[in-house]
Amino acid sequence: MNNHKLRIAALAAGTALVVAGCAALTSSHDAERDAVALMKKDFHSRGQATLDRLDQDEVQKACTRYAETGKLPEGEAQHLQQAQLATVKYPADGDYLGDWKAGEKIAQTGKGKQWNEKPTAKAGGNCYACHQLAKHELSYGTIGPSLYHFGRTRGYGVDMQKYVYAKVYNPQAFTACSSMPRFGYHGILTEQQIKDVVALLLDPKSPVNQ
Ligand code: HEC
């Protein structure tokens, strides 16, 4: 290739880059829409993995917008937390404490929301994947804070019970963009199951508090 041809080739490559760059700037919204459309076309509802998981709600949209920092501006975070707190359905009988033994099984079970599970099968809470819960556990995740001795250090009162119920029902009500799943809001755990994990954290007899 002579010099002249080289220069033309370089110019063409440069122009292509600029065009590609502009396209990326102007059409990120279109690209997102196209990606979701593609996933909806290729992904089929099966078992407990359903297509509604592809539609972002207000929380997911806001948290995606600030995904790089993982933090919303203060005002927006407060607004979002208030709106999410209003979604919490507290038990009609006003009782937040279930059975810690049932709660322990739920906390140590990672089943739920997967394609190979029957839509009617009960899910687990998978809490151990992110939290330490008891001394005897062989393994646990550390994405979330340790909950070992939670009741002992935070208290066993009814206000604390109500807080843990609401936190498990919808963590976004207290921490915008938390990575903890919204167990009640998304119908992953039933009211009774949430009461049982509340007991796991707040019953003085539970291994969490030994
Ligand atoms: C995918 C990871 C993940 C899973 C699964 C998870 N959590 Fe969390 N959890 C977190 C993170 C991260 C935080 C800290 C941020 C926040 O407060 O939301 C947290 C915070 C909490 C808190 C608040 C602690 C405090 O000091 O007030 C409680 C209570 C809690 N989790 C209970 C549970 C229970 C019970 C389960 C199971 C039903 C569970 N979590 C499942 C990630 C998780």
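Residues numbered from 1 in each chain as written. Predicted model: local features only at pLDDT ≥ 70, side-chain atom pairs only at ≥ 80, totals over all residues. Heavy atoms only, no water.

Peer 1: Before we move on, can you summarise the overall build of the protein with the specific residues and values?
Peer 2: Each helix and strand counted, the protein has 8 helices and 0 strands in total. Counting helices and strands in the order they occur from the N terminus, the protein gives α-α-α-α-α-α-α-α. For the protein, the proportion of its 210 residues judged to be buried stands at 33%. A sequence separation of at least 24 residues applies to 60% of the contacts in the protein between residues at least 6 apart. For the protein, the computed accessible surface area is about 13300 Å², with 58% contributed by carbon and sulfur atoms. (Helix = DSSP H or I, 4+ residues; strand = E, 2+ residues; numbered from the N terminus. Buried < 20%, exposed > 50% of the residue type's maximum accessible area, 1.4 Å probe, protein only. Contact = heavy atoms within 4.5 Å. Areas by Shrake-Rupley, 256 points an atom, 1.4 Å probe, with all protein chains shown as cover.)

Peer 1: Could you give me a rundown of the state of the cysteines, with the residues and numbers involved?
Peer 2: Overall, the coordinates contain 1 disulfide when judged by the stated rule. Two residues share a disulfide in this structure: C63 and C177, whose sulfurs sit 2.0 Å from each other. Around the S-S axis, the bridge from C63 to C177 shows a dihedral of about -95 degrees and counts as left-handed. Of this pair, C63 sits in helix α3 (residues 58-65) while C177 sits in the loop between α7 (158-169) and α8 (191-202), and the two are 114 residues apart along the sequence. (Disulfide = S-S within 2.5 Å.)

Peer 1: Report on the site of the ligand, specifying residues and quantitative values.
Peer 2: Around the ligand there are 21 residues in total, and C127, C130, H131, Y163 and M180 lie nearest to it. Separating a nitrogen atom of the ligand from a side-chain N or O atom of H131 is a distance of 2.8 Å. The contact in question runs from an oxygen atom of the ligand to an N or O atom on the side chain of Y163, over 2.5 Å. Looking at the shell around the ligand, the elements that each hand over two or more residues are α6 (150-154) and α7. No other element matches the 3 residues that α7 contributes to the shell around the ligand. (Near = heavy atom within 4 Å. Polar contact = N/O pair within 3.5 Å; in protein donor to acceptor, adjacent residues only side chain to side chain.)

Peer 1: Talk me through the coordination of the iron atom of the ligand; I want residue IDs and the actual numbers.
Peer 2: Surrounding the iron atom of the ligand are the protein donor atoms H131 (NE2) and M180 (SD), which sit 2.0 to 2.2 Å from the metal. Between the 6 donor atoms coordinating the iron atom of the ligand, the angles at the centre fall across 85 to 179 degrees, so the site counts as octahedral. Taken together, the positions of H131 in the loop between α5 (100-107) and α6 and M180 in the loop between α7 and α8 put the pair 49 residues apart, joining distant regions of the chain. (Donors = N, O, S within 2.8 Å, 3.2 Å for Na, K, Ca; no water. Tetrahedral: all angles 85-135°; square planar, octahedral: opposite > 155°, others 65-115°.)

Peer 1: Mind laying out the packing of α3 against helix α4 (residues 74-85), listing which residues take part and the relevant values?
Peer 2: Where α3 contacts α4, the two axes come as close as 11 Å, and the packing angle between them is 160 degrees. With respect to α4, the axis of α3 lies roughly antiparallel. The handedness of the crossing between α3 and α4 comes out as left-handed. Residue-level contacts link E58, V59, A62 and R65 of α3 to E76, H79, L80, A83 and Q84 of α4. Considered class by class, the residues forming the contact of α3 with α4 number 4 nonpolar, 2 polar and 3 charged. (Axes fitted to C-alpha atoms, helices over the stretch in contact; angles between N-to-C directions. Parallel < 35°, antiparallel > 145°, perpendicular 65-115°, else oblique. Left-handed = near helix turned anticlockwise from the far one by under 90°. Nonpolar A, V, L, I, M, F, W, Y, C, P; charged D, E, K, R; others polar.)

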